[in-house]
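Okay, here's what each chain looks like letter by letter:
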Amino acid sequence: MGLGLLASKALKPTASRLLSSQNPRSLLFLSRTVTSTPELQKPEQAAQAQPEPTPDLPPRTPLAGARVHFPNPDDAIEVFVDGYPVKIPKGMTVLQACEVAGVDIPRFCYHSRLSIAGNCRMCLVEVEKSPKPVASCAMPALPGMKIKTDTPIAKKAREGVMEFLLMNHPLDCPICDQGGECDLQDQSMAFGSDRGRFTEMKRSVVDKNLGPLVKTVMTRCIQCTRCVRFATEVAGVQDLGMLGRGSGEEIGTYVEKLMTSELSGNVIDICPVGALTSKPFAFKARNWELKGTETIDVTDAVGSNIRIDSRGPEVMRIIPRLNEDINEEWISDKTRFCYDGLKRQRLNDPMIRGADGRFKPVSWRDALAVVAEIAHQVKPEEIVGVAGQLSDAESMMALKDFLNKLGSNNVWCEKNGMFHDADLRSGYLMNTSISDLEKADVFLLVGTQPRVEAAMVNARIRKTVRATHAKVGYIGPPADFNYDHEHLGTGPQTLKEIAEGRHSFSSALSNAKNPVIIVGAGLFNRKDKDAIFSAVEAIAKSAKAVRPDWNGLNVLLLSAGQAAALDLGLVPESENCLESAKFVYLMGADDVNLENIPKDAFVVYQGHHGDQGVYRANVVLPAAAFSEKEGTYENTEGCTQQTVPAVPTVGDARDDWKIIRALSEVAGVRLPYDTLTAIRSRIKTVAPNLLHVDEREPATFSTSLKPQSNQELSSEPFGTAIENFYMTDSITRASKIMAQCSALLLKK
Amino acid sequence: MLARLAASRFLEIRQVFRQVKKILSHYPSNYKQSAVIPLLDLAQQQHGGWLPVSAMNASCNILFNKIIEVAPIRVYEVATFYSMFNRSKVGKYHLLVCGTTPCMIRGAREIEDALLKHLGVKRNEVTKDGLFSVGETECMGCCVNAPMITVADYSNGSEGYTYNYYEDITPKRVVEIVELLRKGEKLPPGTQNPGRIKSGPEGGNTTLLSEPKPPPCRDLDAC
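For clarity, every value in this text was computed on a predicted model and none was experimentally measured.

Novice: Go over the overall build of chain A with me, naming the residues and quoting the values.
Specialist: In terms of helices and strands, chain A carries 24 helices and 29 strands. Principal-axis analysis of the C-alpha atoms places the extent of chain A at approximately 85 × 70 × 65 Å. Of all intrachain contacts in chain A linking residues separated by at least 6 positions in sequence, the fraction that spans at least 24 positions is 69%. Total accessible area on chain A is roughly 31,800 Å²; 53% of this is exposed by carbon and sulfur atoms. With 86 positive and 92 negative side-chain charges, chain A shows a spacing of 5 Å between the two charge centroids.

Novice: Describe the environment of B:L187, naming the residues involved and giving the relevant values.
Specialist: All names here are of chain B. When you line up the elements, L187 lands in the loop between α7 (171-182) and β5 (190-191). Each C-alpha atom of the pair L187 and Q19 lies 27 Å from the other, and the pair is 168 residues apart in sequence. Residues contacting L187, with those up to four places away along its chain left out, are Y166, R173, I177, L180, L181 and Q192.

Novice: Run through unusual backbone geometry, naming residues and quoting values.
Specialist: The linkage connecting B:A146 with the following residue, B:P147, adopts the cis geometry, with an omega of -5°. Despite not being glycine, A:F283 shows a phi value in the positive range, around 60°. As for its placement among the helices and strands, A:F283 is situated in the loop between β9 (276-278) and β10 (291-296). Judged by its relative accessible area of 60%, A:F283 falls in the exposed class. The phi dihedral of B:K198 is positive, around 50°, even though this residue is not glycine. Positionally, B:K198 belongs in the segment after β5.

Novice: Summarise the sheet that holds strand β15 (residues 383-387) of chain A; cite the residues concerned and give the values.
Specialist: Residue and element names in this part refer to chain A. Across the sheet, 7 strands lie side by side as β14-β13-β26-β25-β24-β15-β16; this open sheet has mixed pairing. Two strands in the sheet have a free side with no partner beyond their single neighbour: β14 (359-361) and β16 (411-413). Strand-to-strand twist in this sheet, taken as the mean axis angle between neighbours without regard to direction, amounts to 15°. Note that strand β25 (residues 602-607) and strand β26 (residues 619-622) share 4 bridges and pair parallel. Among the inter-strand pairings, Q606 is bridged to a residue of β26, identified as L621. Seen against the sheet, helix α12 (residues 364-377) touches β13 (351-353), β15, β24 (583-587), β25 and β26 and runs at an angle of roughly 130° to β26. In the packing of helix α13 (residues 393-406) onto the sheet, the strands contacted are β15, β16 and β24, and the crossing angle to β15 comes to about 175°.

Novice: Please provide a residue-by-residue account of the confidence of the model for chain A, values included.
Specialist: Scored by pLDDT, chain A has a mean of 88; 90% of the residues are at 70 or more. Considering only residues more than four positions removed or in separate chains, one finds that residues 1-55 of chain A, a stretch of pLDDT under 50, has 41 contacts.

Novice: Describe the pairing of strand β4 (residues 162-167) of chain B, naming the residues involved and giving the relevant values.
Specialist: Residue and element names in this part refer to chain B. With 6 bridges connecting them, strand β3 (residues 148-153) and β4 associate as antiparallel partners. The partner of V151 across the bridge, within β4, is N164. Here β4 runs beside β5; their pairing, made up of 2 bridges, is parallel. When the bridges of β5 are listed, E167 appears paired with T191. Handedness of the crossover is the feature at issue here: the chain leaves β4, passes through α7, returns alongside β5, and the resulting connection is left-handed.

Novice: Outline the interface of chain A and chain B, supporting the account with residue identities and numerical values.
Specialist: The interface of chain A with chain B comprises 14 residues on the first partner and 14 residues on the second. Taking both sides of the interface into account, the surface hidden between chain A and chain B amounts to around 1,100 Å²; carbon and sulfur atoms contribute 60%. Area buried by chain A at its contact with chain B is led by A:Q238, A:R245 and A:Y254, which between them contribute 56% of it. Inspection of the region where chain A meets chain B yields 0 salt bridges. One can count 5 residue pairs in polar contact (both at pLDDT 80 or more) joining chain A with chain B. When residues in the side of chain A that touches chain B are grouped by element, the largest group, 4 residues, is from strand β7 (residues 240-243) of chain A. Grouping the constituent residues of the side of chain A that touches chain B by class yields 6 nonpolar, 6 polar and 2 charged.

Novice: Kindly report on the side chain of B:S133, identifying the contributing residues and their values.
Specialist: Residue and element names in this part refer to chain B. Considering the arrangement of structural elements, one finds S133 in strand β2 (residues 132-137). Note on S133: relative accessible area 2%, which makes it buried. In this structure the side chain of S133 is engaged in a polar contact, spanning 2.9 Å, whose partner is the backbone nitrogen of G91. Discounting chain neighbours no more than four positions away, the residues touching S133 are V90, G91, Y93, H94, L95, E125 and V126.

Novice: I'd like to hear about the UniProt feature "domain: 4Fe-4S Mo/W bis-MGD-type" (unreviewed entry) in chain A, residue by residue, with values.
Specialist: The UniProt record annotates "domain: 4Fe-4S Mo/W bis-MGD-type" (unreviewed entry) at residues 290-346 of chain A. Taken end to end, residues 290-346 of chain A is 9% helix and 35% strand, and its two terminal C-alpha atoms sit 23 Å from one another.

Novice: Now, about the UniProt feature "domain: 4Fe-4S His(Cys)3-ligated-type" (unreviewed entry) in chain A: what can you tell me, with residues and values included?
Specialist: Under the local residue numbering, the UniProt record ascribes the feature "domain: 4Fe-4S His(Cys)3-ligated-type" (unreviewed entry) to residues 153-192 of chain A. A helix fraction of 60% and a strand fraction of 0% characterise residues 153-192 of chain A, whose end C-alpha atoms lie 15 Å from each other.

Novice: Which residues make up the packing of aromatic side chains, and what are the values?
Specialist: Within the structure shown, the criterion is met by 12 aromatic pairs over all chains. Consider the rings of A:F481 and A:Y483, whose centres lie 5.5 Å apart with planes at 65°: the pair is edge-to-face. In terms of burial, A:F481 and A:Y483 fall into one category: buried. Taking 5.0 Å as the distance between ring centres and 70° as the angle between the ring planes, the aromatic pair formed by A:F725 and A:Y726 counts as edge-to-face. Relative accessible area serves as the criterion here: at 4%, A:F725 is assigned to the buried category. Three or more aromatic residues link up through ring pairs in this structure, and these residues are A:Y474, A:F481 and A:Y483. Over the ring of B:F81 we find A:R245; its NZ or CZ atom is 4.4 Å from the centre of that ring. Its guanidinium or amino end placed over the ring of A:F533, A:K529 lies 5.3 Å from that ring's centre, counting from NZ or CZ.

What counts, and at which threshold
Residues numbered from 1 in each chain as written. Chains lettered and ligands numbered in written order. Predicted model: local features only at pLDDT ≥ 70, side-chain atom pairs only at ≥ 80, totals over all residues. Heavy atoms only, no water. Helix = DSSP H or I, 4+ residues; strand = E, 2+ residues; numbered from the N terminus. Contact = heavy atoms within 4.5 Å. Areas by Shrake-Rupley, 256 points an atom, 1.4 Å probe, with all protein chains shown as cover. Lys, Arg positive; Asp, Glu negative; His and termini not counted. Charge placed at Lys NZ, Arg CZ, Asp CG, Glu CD. Buried < 20%, exposed > 50% of the residue type's maximum accessible area, 1.4 Å probe, protein only. Pairing = 2+ DSSP bridges. Axes fitted to C-alpha atoms, helices over the stretch in contact; angles between N-to-C directions. pLDDT = per-residue confidence, 0-100. Right-handed = clockwise from strand over helix to strand, strands pointing away. Buried area = accessible area lost by both parts, 1.4 Å probe. Salt bridge = Lys/Arg side-chain N within 4 Å of Asp/Glu carboxyl O. Polar contact = N/O pair within 3.5 Å; in protein donor to acceptor, adjacent residues only side chain to side chain. Nonpolar A, V, L, I, M, F, W, Y, C, P; charged D, E, K, R; others polar. UniProt positions renumbered as here; feature names shortened; annotations may be inferred. Phe/Tyr/Trp six-rings, centres within 6.5 Å; stacked < 30°, edge-to-face > 60°. Lys NZ or Arg CZ within 6 Å of the ring centre and 35° of its normal.

Written out as structure tokens, the structure reads:
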């Protein structure tokens, strides 16, 4: 409830007559000129300029995040916030009405994505004809309600609440990691007193051990219970609770349990004080020293929106950005805490493996010359290129163009497997889109464990299950779910039964209004992939999952590079090209089957981490990680997003596409692009959707175009695609925090 | 011997399950988590008046997770919130002295002092023989007969469990009550003042001695 508002109120009498339709910010500039405008001297013209009387108030813009959506126009009611009328749907709370009216109400316990607790009392407002101040977060707005947010009563009530909150809150802001981004600190500037009247001892609370990610200083807790509600409602783990009563009240776990959730890091963000802070970030930096770079995450296929906070050349922390369509305002622990992997085991210099088996640093010129020479010595069909799971679209385009120029088309992205066809986008995308999963009423998960494969998609499914009691059926090995689900079976046989309508779940699917079928990308590597997909399509057909208004047939991808790789057509020509390869170009590929590479093959590893691929490599070319380059990524639902460099690259590393461009010139097959813009216009000719940044490009044609498969289903049960949630790629495998998490939290 | 022990244990378990079933029958199936408090109370009675973590674990594992589908932390929240759930050991007879204003004015502190002195313990401590412990309670609504103590009797398990009020007590009478309980004698709960019937005035009624007059009726004809 800022100065702008107050200022515009003060200017109201002069300015509002003429400028009532303008932004209040502009009033500050125009208020002086108002008196000298010629219209004011001529009353007739002034009357013309103002054809209808508008309320004598400046217009207000809803606060960021306040959304007014009328599901039923008859349900609209009108309330008055500080005299300003707003139309809101029935059922909104007073606090939400104030937000729509552009008034920010101070709050601690209220969070728009959690249930309402109403226990901090900071959001007190005055309501006309109500004898007491009202907790606006928990009070439903009633028609004609006159809400007053800036009266002396409301202010005094909030001051009183603030005094009670500060009574037991330690005065350790100078050593608190929340300092500078603390709700309590900010709001005490507005409502706090400069001295306390409390003369007793402050209470102190024993710190709890919530695991390797969340640091607790429980004495700072103000009992808002946001973390308890987050754990129960969003993360789906009943780990945290409010123990004791009165002044002995504290947040705790059931007898020294750790918080075992893949979303536990979000309690750091929602904690309004410094009670829950990031353990790896503790005492590392102050938030005002950090430079924020708005970019995206690449540790899974969701493409969560993040902000990388860096200080100098170092990534200090990663925090989420709001994106309603993808990650809402949460991110997974892997996304949040993988950043220390960006500082460890990095490749600094180009290196060539000598005769003694040891790497020797060389110059770029020498390294590229060696690679180019070998590339010309082998036959074109013996050249193989594998893009890693973290590769961006630009570098994959360059790799494919380079290999094509050398005469080979054996290039693919590691997680996609060897048998994939990239003909139909609907065959590898999440066609429903992540946000539309909320409209589904039945889920069928085929060989996918969303909790470990894509934690944010799982959070969406959980949200849906919690809100609408949607049914979830799961086919695959026994897995961990944080919502009610039915384990239908472990392998393709169950899939066949459902497809033929012999299973009890078939009726649930066919009765569903918006059924969703999600197939895990882990099945891409199976030999009977086509048969599985045709069985899934049969299920989708009988359940009417693919209609003009609803597409419920989805594939959940595993890694950030996958979708773009298939869009760009990175599909190998022959299935066992790797076994007969003489020249293998690994562009950050570590999870490809390295044992299948023949002993005499020459392996080039271009990447940012000394991971599995480096052990087999003959030449190592250092590249930039996602935090250091500008790259295009497409997430599992087909939304194109770009990373932005937050920190400089390490050592002599270069962007992936630049390395390939340089190599092509040394090899005598110069690629025709020198800039990022040029390579993007090359991408435009292959996959124009990769240039529509921050837009989801749905697949146009469904699988109906696909030829019939006559493969037989094997009886082999589905496997797990990801064994360890915390370590899935070269960055997370290099991270110490992720190693701690796997050691402590995956213990069975 | 073992067989007999096993048989009695079995009977005990059956008895418990009968009680659990009875408690659950009070709640509709969609609100069965409301049974947490009575079930925790049952567990406390079974366990001699207090809820150690082991008792809570056992009841969490069997009762709460399986039967009423409540997470352990939610049970723990309830158990730590209500002061009637004892989280430390108590005696077989847990004596709770009311310390709220009316009882305090009428001498609750002297009663507590007499009790503690007689038993030789501090507040919330258990006597060496494990028979008695003294605690404090808030108002039990017996202010008319203040001061009062409550005796939670855990000596006979959950079947013989009683929670009786002893009112109009004096420092002398409270020691007598303790000694009677020690001997295992049953003494009538309620007021300990022989001159008083229930919460009536001492020495019989002083007002409302005659038949009450009927309420005056409006003379409708006069209107």
